Each structure stands twice: as structure tokens, then as C-alpha cells.
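Observations on the three-dimensional arrangement
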Amino acid sequence: MLTAFRWLIRILTGLIALGVLAALLAYYILSRSLVDYSEDFSVAGISAPVEIVRNNDNVPHIFGRTDEDVFFALGFAHAQDRLWQMTMLRRTAQGRLSELFGPATVKVDELMRRYDLYGLALQSVDAQGGQTRRALEAYAAGVNAWIGEVNKGARGRGAPEFFLFEPEISAWAPADSIAILKLMALQLSGSLQTEVMRARVSLLLSPARLADILPDDPSQGVAALPDYASLVPGVAPLMAPVDFAEGPFSPVAEPGMSGASNSWAAMPGRSAAGGSLLANDPHLGLTAPTIWYLARLELQSGGVIGGTIPGVPVVLVGRSEKLGWGLTTAYVDDQDVVIEAVNPANPEEYQTPEGWAEFESRQSIIKVKDADPVTLTLRWSRNGPILPGGHYDLGSITPAGHVAAISWTALSGADTSISGAMALMRSKDIPEALEAGKLVMAPAQNVMLADETGIAMQVMGALPARDPEHPSQGRLPALGSDPAVGFRGVLPYADNPSFRNPTSGLLGNTNNKTVDRPFPRHVSFDWGDTQRIQRWLTLMQAREVHTRESFIEAQLDTVNPTARSLLPLIGADLWFTGEAAPEGTPERLRQRALVLLAEWNGEMNEHLPEPLIAEAWMRALMDRLIRDELGAMADSFTHFSPVFIERVYRNVGGASVWCDVIQSAAVESCTDVSRQALDEALLQLTERYGPNLESWRWGDAHQATHDHLVLGEVPFLRYFVNIRQSTSGGDDTLMRGVTRGEGPEPYQNVHSAGYRGVYDFADPDSSVFITATGQSGHPLSRHYDDLGELWRRGEYIPMSLDPELARAAAAGVMVLTPEE
């Protein structure tokens, strides 16, 4: 027995030793792709030595003799730190994910092939000006130079992920950068999803009730909309949830996730230090690493510093010595669903106002790992690409004998958006920046500008021109055979909303409505915010003059204006009412919760229980109000609508009828529904977090989910590649952290400000910025998540153009010299 025990000990010790050796070997192999930031390289493609100084936060400061040399070095640095991310973005745009991931991503690839984003990017290369083409070519050469170093230098295949998937990396090309920008346009577009949702709901509700749940704007409903059944006959009502899922790695955003941001600026007269101020925090889905990469470029036009996207050689948000620029999604209605009637006698034709026309078509083959290739027949009508019914749930709103075409301003083979971004980055003042906006097509953005003397906000991007007689004004799908349906080109750039040096001295946008113009110059009927703007106005009006610190304070503000306005409304007949209830009863739990909420100031602090109670109450209330009318389709409303709840509880246009459960004999009041929803919410939270509601923490539920897009769901590995953080804020706070809204963890923070920047032109080098994770995409690098904890705490790093400050305690200085 003793001998057997000794052998067991020996075997166990041997297994542990083998495990340790395997772990050390794996670490050695994977760490080969870690970058030595002080290593020098001799490369072809530059005219003179280029210096890449990475400061102590690993932000590269690039100095070269020519702009082309600087862009070469930016491509080199991007590839060093984010090569896997860049190739994933490119593969997504190309529709080539299935070559790595098999059948699971075929649907995404099919959608990308039908949009033909990469084909349009290839065509768009020739549309760029000479300066932009040279920048794109130099950047591609820099990326390829690093790929060459990886291939010849045993550098761990460039990134750990390449050990798990196909290690071959195609050479980078100028079209790849343009395609990534087009991919971002798709991610930031939500008009198509809104049209489908509105069409589905309109088949179930009367126009008055549709105006409650999907209002165009808080002050204007959609009761004037025609019934979808009259626009497109032959579509049956359906209560199933709307299915926008395209599969893993899909760039198609779920409703409410298509893009959001904050940006505001102050003129010198409203600044305590006498210089213009600008703050910007663009919001996108959280990932590890973040989509943003900080960089400083020393160009012939001067130094620029800010946020780039790996794969794109442009500082998209940031500042130079004299100009700052920020972005918020403009919510331009730049997509239309057009229902084309197919000729029953010839399926290759569709009906136009002039008669039958032939679809343009060609075939495309998707290679699929471990499966047979998939052959697609791609088709286009004059209105755009034809999408099968399985995409965007289009089949649920398309009658038999018809197909859906998509009109979208980004579907251009002469897209000069990257030239516009390049010109904006080089601009020295606001007039020059406004001129650069003429080149931008998609994604349409509100560009906030500040220079030494003033501020401006300009919508940059193509606004589609529509016929004033369009039957749905672009809010619902319409028949392509109608002569009033379809884009009529784009509106002149002079029609894009523009604001400059207002008398108030302040400009701001939180994706709120920017203009009130009649169709077809309306910009949009759907806007991204009605709540955050109210809080921003309060904070801006509280001071006569502002500082960098007051702008930071506003950027990090976590007071929820929705909770402040709605809780008194829905709980009006519940506060401090009812008999004393014994401990342990639902009534007592409700009373305790109401006492907490009554004393709460609306701050969505991660350490408080009140935000969790309020969010769960609103979520349960929204579901109870709509489920009896919409059935399973209520699952499609993953986030509560503050405008809808306010309309119901103020009985706007008879909206309180939503409180009555139509299937029951009794007539329920809105107070009944509020009480039942609160009890339901507290029951769910008690089951999850225990009976002591005072110990509940919002941050436990509202964890920021910076997940690795590929390895984030892999057992064991996910603990090394995912970054999770307890966070404050919520759906409607200025420091926004949009909740998942569904599944077992509905309060997780999945969409937030991956970049924050505040620029002060009284002292430009005192400007600050931060990203949500770190500069490196390598999980073993200390720079993979080193900025993340600063981001979580609301801290920033210096955003200086001072070369000596960059060199102080630098993480490394790399010199690229021309190859002899």
C-alpha cells in the first residue's frame, strides 16, 4: 500500500512538472510575438530614418522626414500591436471569416458579399486624391514590412491567435483601409433595423399606439404614418421577436446599439482660461482590445494626436496644435428598404415605374473551413443590393413574389470619406475643416470642432435626397414600383446642418435631435437620445465659464435624468403608502426599496443598490406594459423607452390604455402595473443577490465586458483574454454604459466610451485622453489592459505634442532606417 502511495505521489509530481513545463513552453512560444519597443529595423519603403517613440503609456509618437514615412511607421506600429485585430476587421469586410471559423460565420460572410463593401473599396481607391493615395500606399507598405519581419524573424506568428487559426497573412493593400471605414459605417447605421421594427409593430398596433411605442421624437408621434399593410400589401402580422442576429462577429448592430457618442465645446469667452474647450467620447461596443489606438503623428502640416482605428491611417478623433475635432453619430436616415416585385414570368426581372428591368447579378464563392464552399448569386436592382429574407428579418415584412433591396449612401464605388478624414486631420482651423467635410460620404457624423478663436458643429456625410411625395418618407419599406420611392442622389453639402459660434458660446450633442426641418431635408425622424441632453444642459448652464476640469466632470457624470423624471411619475401612488408590513413579506421588501429610491439623487454609482432597483423596475414595467399587446415580440424591446413610459403615465393621447391587460376581465390601473412590476423586479433581484437589498451593488451587475471577439467564449482561455470591470453609469447617463438588455446578465455594460478626450486650447499640452483597455492586442503584454483601470476610475493620460515629454520614461524608442 505504501509503495502504491509513493508511486501515486511520483506520478502526480511528474504530471505537475509536465504541466509546468508545458505552461512555460506555451508562454515562451506565445511571448515571441511580444514587441521589443526599443528594437531597431532596417526596412524598404522609407526615404529617411523614422523614429517611433512610445511613451510610458505605450502611445507611439512618430517623427519622420516626409508624411509618407510617418504613415509607413504608423502602419508598422499598428501591425506590431494589433495585427490580429486588423486582419479580423479586413476579413469581416471581405466576407472571408468562414475560411477560419467554418459554417458558423457563413451568414455574416454572405451579408458582406451582398453589400460588396470590399469591391466598392477597391473601386474607391482611384477616387482618392494623390496625397491620400500616397498615404494609403505608405501605410500598407509599413504594415507589410512588419508582416515580413514576422515571417523571417520567428516572432510568434505576429500574435498568439495565429497559432490557433490560419497563420497565413495576406499583404495589406490601400483598399483594406477604405473597407474598414466602410465596415464602421455599417456598424454605425441603424435605419434599416428601425424600418423593419416599425413595419412589424405597425402590423400589430393602431397608428395611435404605434406613436406611443416608436415615436419619431418626444414632441411628435408617428400617427400620420400610413399603415404598412396599405404600403406593401400581402404581409401578415407576426408576433415572433424580430431577429437581427447574423451570427458570430457580425458588424450589424442590434437596435439601440448602432452608435452613440457625446461631444461638446466652449468658445474662448465661456472658458475660464480664455481658450476654446472640446470634449468627446465616442461610444462603440466594448471589446478586448478596444477598437481605438492612440497615436501621435508629426506631419508636414504639424503634429496631430488622438484616436486611430488599427487598419486606417487617420487620427479620427483628436487635436493638432490649433484645431480639435470630435465625433458623434448624426443619426442620418441614410438607408431605405425598397420592396421589389419580381416578374412571375421571369424571376430575373423586377418591376420599376417604367416597366420590367433585369437584375444585375454575378456569382461569389465563400470558402468554408471543414465544409463545402457556398456559392452565392448576388443580385442588385437599381435601388441597391438584394438581401434574402434571412438577413435583418426582412422575410417577415416581404410579401410573396417580392424581394428586398437596400439603398444606402455608403454603397458607392467613389467613396472619398477617407480623403475627407485625412483633410480634416491636416486642417489648421475651422473653415479648413468644414471644407474637408465635403469629401465625407459615410458614416455620417456630427463633427465637433474647436480652434483658437471659435467652435463649430457640422454634419459631415451624405444626406440622401428623396422625393417629397415618398409614401413613407423613408420611415417604412415601400414598393420600388412607386415612382416616388428610391434615392434621388444626395443633398448638397450646404444642406447639411451646420452651427458655428453660437451666442451662448456652447455647442453640444449627445445624439439628440439637431434640426427640426420638414421632409425631405429632415436629416432623420429617429434620434439616439432624449435624456442625456437634458443633463448636459443642466451642467453647462450651472457655470458661467468652464474649464478642462468641468468638462471632465461632465464627461464622467453618472446622474440619471431618466430616473429623476420617471420614478416620481410611476411611483406617484406608491410612495409612503400602505400599512406597515412584517419583515420577510413582499410588501415589506417593496417599502424598503421605495424608501431607498425616495432618498436617492439618481446617481448611477457602482457601489449603490438604488441604480439596480430602478433599472430592474423600469425593465419589468416596460415588459408588463407591452407584452399583452405584442406577445413574444415584446422580447425585441430589450431596453425600456423613457419616452414611451412617460407618455403612458401622463396619458398622452390616451396612452394610459397600455396599463390595462387586454386578456384579463379586470381593468388594471397604471398604479397596479407599477406595483406589480416593482414586486417582480425585487423578486428577481432577491433570487440573484440575496434578501439584504441594502447590500446590493450596481457594479456587480453593471460590469463592463471587454471581451475578446474570438477567444472570449473559449473555456479557460477567456479568463486570460477578457477584461471585466465594475462600472458606474447606465443607459441614460453622460458617462454612458449601455446594458445588454437580454439574457441571464441583462445589466452588463456592453457599449460605452472606448475613447475619451478633453482638449484645452488655452494650454493645448494640458489636454488629456484615454482608451478603455490598452494599446497592445497581446494578452501577455502589460499594455493589454494597463489603461483600462484608469478608464474605469475616470482618469486620463497626458495628450501632449511635446517630444521631450514623450521621451521621458519612454517604454521604448524604435528607429526605422532605409534598407540599403
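Residues numbered from 1 in each chain as written. Predicted model: local features only at pLDDT ≥ 70, side-chain atom pairs only at ≥ 80, totals over all residues. Heavy atoms only, no water.

1. Quick word on the overall build of the protein chain
Counting its secondary structure elements, the protein chain contains 23 helices and 31 strands. Since a compact globule built from 820 residues should have a radius of gyration of about 28 Å, the 28 Å found for the protein chain is in line with a globular shape. Its C-alpha atoms put the protein chain at 85 × 85 × 75 Å along the principal axes. Taking all 820 residues of the protein chain together, the buried fraction comes to 60%. A sequence separation of at least 24 residues applies to 72% of the contacts in the protein chain between residues at least 6 apart. For the protein chain, the accessible area works out to roughly 30,600 Å², and carbon and sulfur atoms hold 55% of it. (Helix = DSSP H or I, 4+ residues; strand = E, 2+ residues; numbered from the N terminus. Rg over C-alpha atoms; globule rule 2.2 N^0.38 Å. Buried < 20%, exposed > 50% of the residue type's maximum accessible area, 1.4 Å probe, protein only. Contact = heavy atoms within 4.5 Å. Areas by Shrake-Rupley, 256 points an atom, 1.4 Å probe, with all protein chains shown as cover.)

2. Quick word on the sheet that holds strand β2 (residues 50-54)
One open sheet accounts for 11 strands, arranged β1-β31-β2-β3-β6-β7-β8-β9-β17-β18-β22; its pairing is mixed. The strands lining the two open edges of the sheet, one partner per strand, are β1 (41-43) and β22 (498-500). Averaged over all adjacent pairs, the angle separating strand axes in this sheet is 20°, with direction ignored. Where strand β18 (residues 455-460) meets β22, three bridges bridge the pair, whose relative direction is antiparallel. (Pairing = 2+ DSSP bridges. Axes fitted to C-alpha atoms, helices over the stretch in contact; angles between N-to-C directions.)

3. Structural notes on the pairing of strand β31 (residues 812-818)
Pairing of β1 with β31, which is carried by three bridges, proceeds in the parallel orientation. By the bridge assignment, Val-43 is partnered in β31 with Pro-818. As paired strands, β2 and β31 are joined by five bridges and run antiparallel to one another. By the bridge assignment for β31, Arg-54 is matched with Gly-812.

4. Some thoughts on the packing of helix α16 (residues 586-598) against helix α17 (residues 610-630)
In contact at an axis separation of 10 Å, α16 and α17 are set at 110° when each is read in the N-to-C sense. What the angle tells us is that α16 and α17 run roughly perpendicular. Of the two possible hands of crossing, α16 and α17 adopt the one that is left-handed. Side by side, α16 and α17 meet where Ala-593, Leu-594, Leu-596 and Leu-597 of the first sit next to Glu-610, Ile-613, Ala-614 and Trp-617 of the second. Looking at the contact of α16 with α17, its residues break down into seven nonpolar, no polar and one charged. (Parallel < 35°, antiparallel > 145°, perpendicular 65-115°, else oblique. Left-handed = near helix turned anticlockwise from the far one by under 90°. Nonpolar A, V, L, I, M, F, W, Y, C, P; charged D, E, K, R; others polar.)

5. Regarding unusual backbone geometry
The linkage connecting Ala-288 with the following residue, Pro-289, adopts the cis geometry, with an omega of -5°. Structurally, Pro-289 is set in the loop between β5 (277-285) and β6 (293-299). Residue Pro-520 is bonded to the preceding Phe-519 through a cis peptide linkage, with omega at 10°. With a phi angle near 75°, Val-523 is a residue other than glycine that sits in the positive phi range. Along the chain, the position of Val-523 falls in the loop between β23 (506-509) and α13 (532-541).

6. Overview of empty space enclosed by the protein
Scanning all chains against the criterion turns up seven cavities of 30 Å³ or more. In this structure, the largest cavity encloses a volume near 370 Å³. Lining of the largest cavity is provided by 28 residues; of these, Leu-181, Leu-316, Leu-327, Pro-443 and Gln-445 occupy positions nearest its centre. For the lining of the largest cavity, the secondary structure elements donating two or more residues are α7 (174-187), β4 (260-266), β5, β9 (323-329), α11 (417-426) and β17 (445-451). When residues in the lining of the largest cavity are grouped by element, the largest group, five residues, is from α11. In the lining of the largest cavity, the residues fall into 21 nonpolar, seven polar and no charged. Considering only enclosed or pocket space, the second largest cavity measures out at about 70 Å³ in volume. Within the lining of the second largest cavity, the residues separate by chemical class into three nonpolar, four polar and three charged. (1 Å grid on protein atoms, 1.4 Å probe; cavity = no way out; pocket = protein on both sides within 12 Å on 5 of 7 lines; lining within 4 Å. Points joined across faces, edges and corners; volume = space filled by probe spheres on them.)

7. Things to note about helix α6 (residues 130-153)
An ideal rise of 1.5 Å per residue puts 34 Å on 24 residues; α6 measures up with 34 Å between its terminal C-alpha atoms. At the exit of α6 stands Ala-154, carrying a positive phi of roughly 50°. (Expected span 1.5 Å × (residues − 1).)

8. Observations concerning the confidence of the model for the protein chain
This prediction gives the protein chain a mean pLDDT of 94; 98% of its residues lie at or above 70. Counted against residues more than four places away or in other chains, residues 219-223, with its pLDDT under 50, gives 11 contacts. (pLDDT = per-residue confidence, 0-100.)

9. Brief notes about the packing of aromatic side chains
All told, the structure shown has 17 aromatic pairs when counted by the stated rule. Here the aromatic rings of Phe-101 and Phe-165 are separated by 5.0 Å at their centres, their planes lie at 65°, and the arrangement is edge-to-face. Placement of Phe-101 in helix α3 (residues 98-101) and of Phe-165 in the loop between α6 and α7 is noted, with a sequence separation of 64 residues between them. Each member of the pair, Phe-101 as well as Phe-165, carries the same accessibility label: buried. Each member of the aromatic cluster is reached from another via a ring pair, and the members are Trp-84, Phe-101, Phe-162, Phe-165 and Phe-249. Sitting over the face of the ring of Phe-359, Arg-379 holds its NZ or CZ atom 4.4 Å from the ring centroid. Taking NZ or CZ as reference, Arg-807 lies 5.4 Å from the ring centre of Phe-63, over its face. (Phe/Tyr/Trp six-rings, centres within 6.5 Å; stacked < 30°, edge-to-face > 60°. Lys NZ or Arg CZ within 6 Å of the ring centre and 35° of its normal.)

10. Observations regarding the nonpolar core
Grouped together as the largest cluster of nonpolar side chains are 217 residues, with contacts concentrated most on Tyr-115, Leu-625 and Leu-816. When residues of this core are assigned to their parent elements, the largest contribution, 14 residues, is made by helix α2 (residues 67-94). Setting aside residues up to four positions removed in sequence, Tyr-115 forms contacts with Leu-120, Leu-186, Leu-192, Pro-385, Leu-387, Tyr-392, Ile-406, Trp-408 and Leu-411. In terms of nonpolar packing, the next biggest core, distinct from the first, is built from 11 residues, Val-332, Val-459, Ala-465 and Val-515 among them. (Core = buried A, V, L, I, M, F, W, Y, C linked by side-chain atoms within 4.5 Å.)

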